[in-house]
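# Tertiary structure, described
Listed below are the residues making up each chain.
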Amino acid sequence: QATTVSGAATATFTASNTPGTVVVTGTAGGVSDTASIVISAAATGSIEFDSATPTVIGISGSGQTETSLIKFLVKDINGNNVVDGTSVSFVMSGPGGGRQPSAGGEYIGSDDGTPTTASASTVSGAANVYLHSGMVSGPVIVVATVSGMSSSSTAISIGGGVPNDAHLTIATSRWNLEGLNWSNIQANISVFMADRFGNYNVLENTAVSFYAESGAIDRNDVTDATGSATV
């Protein structure tokens, strides 16, 4: 409320962090009038990489997870989330060399003929893009850009996911077991595996079978996140 001075009544309006249009209505006696105030969005101040989930995916058709959700956070100059709908551009570099998905290359966003580029709008300050694996193994980097500012993701690994005999090693914790004089003397037999590109971290839960010419052994196990299994 305010009282008139020379016929004018004055009030102060203070904007919040939400852009848009505010309608102010002034009423005196039985008459009223309105004024519209436009609150402009604050300028974009920063963009930063937030997460890639998961950070390791398998090549297409490997039976492993083949997509990774990559998330960037965009703030305004006041440190608040930018207004929803702010456009963010993405550019990918990966082992497929920009080949189309039909030619075995990885891609980001939708399969729209532009495998290395995509765009998304922010929701609650976050802009997301999906990475889809192809038939080539290797690291992928995604760079996000908004208002001339850029941020790079960590490397997301695309692995083959199929064990390779050139990367298979078997080891034992003990070389000489006193089997002639004792029973149930044990050794831990471990297998370490990787795919043909040397990636071990896509082989989790791969089944491994064991056979022993003498003694007794667990017949199977599955690999852990490091591509190893022990019985």
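What comes next concerns the included structure. Each chain carries its own residue numbering, running from 1 in the written order of its sequence. Thresholds applied to this predicted model are a pLDDT of at least 70 for local features of residues and 80 or more for the giving and counting of side-chain atom pairs; totals over whole chains, interfaces and linings are not thresholded and use all residues. To obtain the side-chain values, all non-hydrogen atoms of the structure were used and water was disregarded.

## A closer look at the pattern of salt bridges
Salt-bridge detection follows one rule: a side-chain nitrogen of Lys or Arg within 4 Å of a carboxyl oxygen of Asp or Glu. This model, assessed by the stated rule, comprises one salt bridge. Its salt-bridge partner being Glu 178, residue Arg 174 comes within 3.3 Å of it at the nearest N-O pair. Looking at Arg 174, the relative accessible area reads 35%, which means it is partly exposed. Burial classification: accessible surface area is computed with a 1.4 Å probe over protein chains only, and a residue below 20% of its type maximum counts as buried, one above 50% as exposed, and the rest as partly exposed.

## Side note on the layout of surface pockets
Volume-wise, the largest pocket comes out at about 770 Å³. Whether a set of points on the 1 Å grid over the protein atoms alone is a cavity depends on a 1.4 Å probe fitting there but being unable to get out, while an open set qualifies as a pocket with protein on both sides within 12 Å along at least five of seven lines; lining residues are those with an atom within 4 Å of a point. Lining the largest pocket are 24 residues, and of these Leu 177, Ile 185, Ala 187, Ile 189 and Ala 216 lie nearest its centre. When its residues are assigned to classes, the lining of the largest pocket shows 13 nonpolar, eight polar and three charged. Every residue lining the second largest pocket is counted, 21 residues in all, and those nearest its centre are Ala 9, Ala 11, Thr 25, Gly 26 and Thr 27. Helix numbering and strand numbering both begin at the N terminus, where a helix is a DSSP run of H or I of at least 4 residues and a strand a DSSP run of E of at least 2. Listing elements by their share of the lining of the second largest pocket, those giving two or more residues are β1 (20-28) and β2 (31-39). Ranked by residue count, the leading element in the lining of the second largest pocket is β2, at six residues. When residue character is reported, Ala, Val, Leu, Ile, Met, Phe, Trp, Tyr, Cys and Pro are called nonpolar, Asp, Glu, Lys and Arg charged, and the others, Gly included, polar. Its residues assigned to classes, the lining of the second largest pocket shows 10 nonpolar, 10 polar and one charged. Grid points are joined across faces, edges and corners, and a volume is the space filled by probe spheres set on the points.

## Thoughts on the sheet that holds strand β17 (residues 228-230)
Strand pairing requires that DSSP identify at least two bridges connecting the strands. One open sheet holds the three strands; their spatial order is β13-β14-β17, and the pairing between them is antiparallel. The open sheet has two free edges, formed respectively by β13 (163-172) and β17, since each of these has just one partner strand. Strand after strand, the sheet turns through a mean of 20° between neighbouring axes, direction not considered. Examined bridge by bridge, strand β14 (residues 189-195) and β17 share three bridges and lie antiparallel to one another. Paired with Phe 192 across the strands is Ser 228, a residue of β17. In this description, a line fitted to the C-alpha atoms serves as the axis of each element, helices being fitted only across the stretch in contact, and the angle between N-to-C directions of two axes falls anywhere from 0 to 180 degrees.

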